[in-house]
Amino acid sequence: MKSVLLIGMGKFGQALGEKLLNMGDEVMIVDKSEDVINALAQKYSGAVIANCMIAENLKSLDVPSYDVCVVTIGDDFQSSLEITSVLKDLGAKHVVSKANTEIQRKFLLRVGADEVVYPNRDIAEKLAVKLNASRVYDYVELDSEHAIFEIAVPKRWCGNKVIDVNPRKFGLNVLTIKKGKSITPLPGADYIFQDGDHMLVFGNTEKILAFTNKNK
């Protein structure tokens, strides 16, 4: 469980807040809109109506006490930039800020953001992967060259053991097999692939995409 200071409760902030609550985190929300805070306050461990462009308001939040501070203001980049900078000046342990463009990401990193999320780009990249790689159900990018993919087991593998198929020769490191609600972590060499199986695989992104497009 982490303590999170979440500044800016627009659509992205609300979606993030819900996810954090579902994971058991303690979340303090802040927004300058009284209507927004009044509508959401009862869900969270704390809620404050405040304009965080005013440094004194940020100081009153005891910024260093939170594990993570997240700035999700999307419609006013100047505010996002200044709030990010002040949070670091106040001793924030880890600041995550939201960017809408690559230029914004660079500036946020320069003023002290420890991490910058880029939701619009991330959604576009995931959609592009799914559109271009049939049988890809989800993926998580780990760096510019590696990712974890959820992909369907090729039909021709069904009925064969892992040791006989040897996924590693295709650049696939099989982490888990999913079938419906059933999970088989780190399947052994004698596991027999079945129709309807999904694999969580780790490897080079280009190699995995090439594999999925060739093996249907």
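The structure under discussion appears in the preceding block.
These numbers were taken from a predicted model, which means no experiment stands behind them.

A.B. asks: Help me get a handle on helix 1 (residues 11–22), residues and values and all.
C.D. replies: Across its 12 residues, helix 1 extends 17 Å between first and last C-alpha, which sits within 8% of the 16 Å expected from 1.5 Å per residue. Along helix 1, the residues classified as buried are Gly13, Gly17 and Leu20. Projected down its long axis, helix 1 carries its buried residues within an arc of 65 degrees, all on one side. Exposed and oriented more than 90 degrees from the buried face of helix 1 are Lys11, Lys19 and Asn22. Positive backbone phi, at 90 degrees, marks Gly24, one or two positions downstream of helix 1.

A.B. asks: So what's going on with the packing of helix 4 (residues 77–89) against helix 5 (residues 102–110)? Which residues, and what values?
C.D. replies: Remark: helix 4 packs on helix 5, axes separated minimally by 9 Å, with the N-to-C direction vectors making an angle of 25 degrees. By the angle class used here, helix 4 and helix 5 are roughly parallel. When the axes of helix 4 and helix 5 are compared, the crossing they make is right-handed. Residues Phe77, Ser80, Leu81 and Thr84 of helix 4 touch helix 5, and the partners they reach there are Gln104, Phe107 and Leu108.

A.B. asks: Which residues make up the pairing of strand 4 (residues 68–71), and what values go with them?
C.D. replies: Because side chains alternate across strand 4, one face comprises the buried residues Val68 and Val70, and the other comprises Cys69 and Val71, equally buried. Pairing between strand 1 (residues 3–7) and strand 4: 4 bridges, direction parallel. Bridge pairing in strand 4 links Leu5 to Cys69. Across 3 bridges, strand 4 lies against strand 5 (residues 95–98) in parallel orientation. What sits directly across from Val70, in strand 5, is Val96.

A.B. asks: Explain the pairing of strand 8 (residues 146–152) to me, using residue names and the numbers behind them.
C.D. replies: In terms of residue burial, strand 8 counts as a mostly covered element, since 5 of its 7 residues are buried. Pairing between strand 7 (residues 136–141) and strand 8: 5 bridges, direction antiparallel. Bridging from a neighbouring strand, Val140 pairs with Ile148 of strand 8. Hairpin connection of strand 7 to strand 8: 4 residues between the antiparallel strands. Judged from the 7 bridges that link them, strand 8 and strand 11 (residues 198–204) form a sheet pairing that is antiparallel. Bridge pairing links Ile148 to Phe202 in strand 11.

A.B. asks: Lay out the environment of Ile183 in plain terms, naming residues and giving numbers.
C.D. replies: As for its placement among the helices and strands, Ile183 is situated in strand 10 (residues 182–185). The exposure class assigned to Ile183 is partly exposed, which follows from its relative accessible area of 49%. Residues Ile183 and Met199 lie 16 residues apart in sequence; the distance between their C-alpha atoms is 10.0 Å. Here Ile183 is in contact with Thr176, Ile177 and Lys178, once residues within four sequence places are set aside.

A.B. asks: Tell me about the nonpolar core, and please be specific about residues and values.
C.D. replies: By size, the foremost hydrophobic cluster in this structure holds 18 residues, and its most contacted members are Phe149, Ile151, Trp157, Leu172, Phe193, Met199 and Val201. When contributions to this core are tallied by element, the ones reaching two or more residues are strand 7, strand 8, helix 7 (162–165), strand 9 (173–179), strand 11 and helix 8 (205–214). Sort the elements by how many residues they give to this core and strand 8 lands first, with 3 residues. Ile7, Cys52, Leu58 and Leu87 belong to the second largest nonpolar core, which has 17 residues in total.

A.B. asks: Please provide a residue-by-residue account of the side chain of Asp31, values included.
C.D. replies: Here Asp31 lies in strand 2 (residues 26–31). For the buried Asp31, no salt bridge exists, and the shortest N-O distance to an oppositely charged side chain is 7.3 Å, to Lys32. One polar contact links the side chain of Asp31 to the main-chain amide nitrogen of Met9, over a distance of 2.8 Å. In this structure Asp31 touches Gly8, Met9, Gly10, Val36, Ile37, Val48, Ile49 and Ala50, once residues within four positions along its chain are discounted.

About the criteria used
Residues numbered from 1 in each chain as written. Predicted model: local features only at pLDDT ≥ 70, side-chain atom pairs only at ≥ 80, totals over all residues. Heavy atoms only, no water. Helix = DSSP H or I, 4+ residues; strand = E, 2+ residues; numbered from the N terminus. Expected span 1.5 Å × (residues − 1). Buried < 20%, exposed > 50% of the residue type's maximum accessible area, 1.4 Å probe, protein only. Arc of directions from axis to C-beta. Axes fitted to C-alpha atoms, helices over the stretch in contact; angles between N-to-C directions. Parallel < 35°, antiparallel > 145°, perpendicular 65-115°, else oblique. Left-handed = near helix turned anticlockwise from the far one by under 90°. Contact = heavy atoms within 4.5 Å. Pairing = 2+ DSSP bridges. Core = buried A, V, L, I, M, F, W, Y, C linked by side-chain atoms within 4.5 Å. Lys, Arg positive; Asp, Glu negative; His and termini not counted. Salt bridge = Lys/Arg side-chain N within 4 Å of Asp/Glu carboxyl O. Polar contact = N/O pair within 3.5 Å; in protein donor to acceptor, adjacent residues only side chain to side chain.

Purely spatial values, then, with no claim about function.
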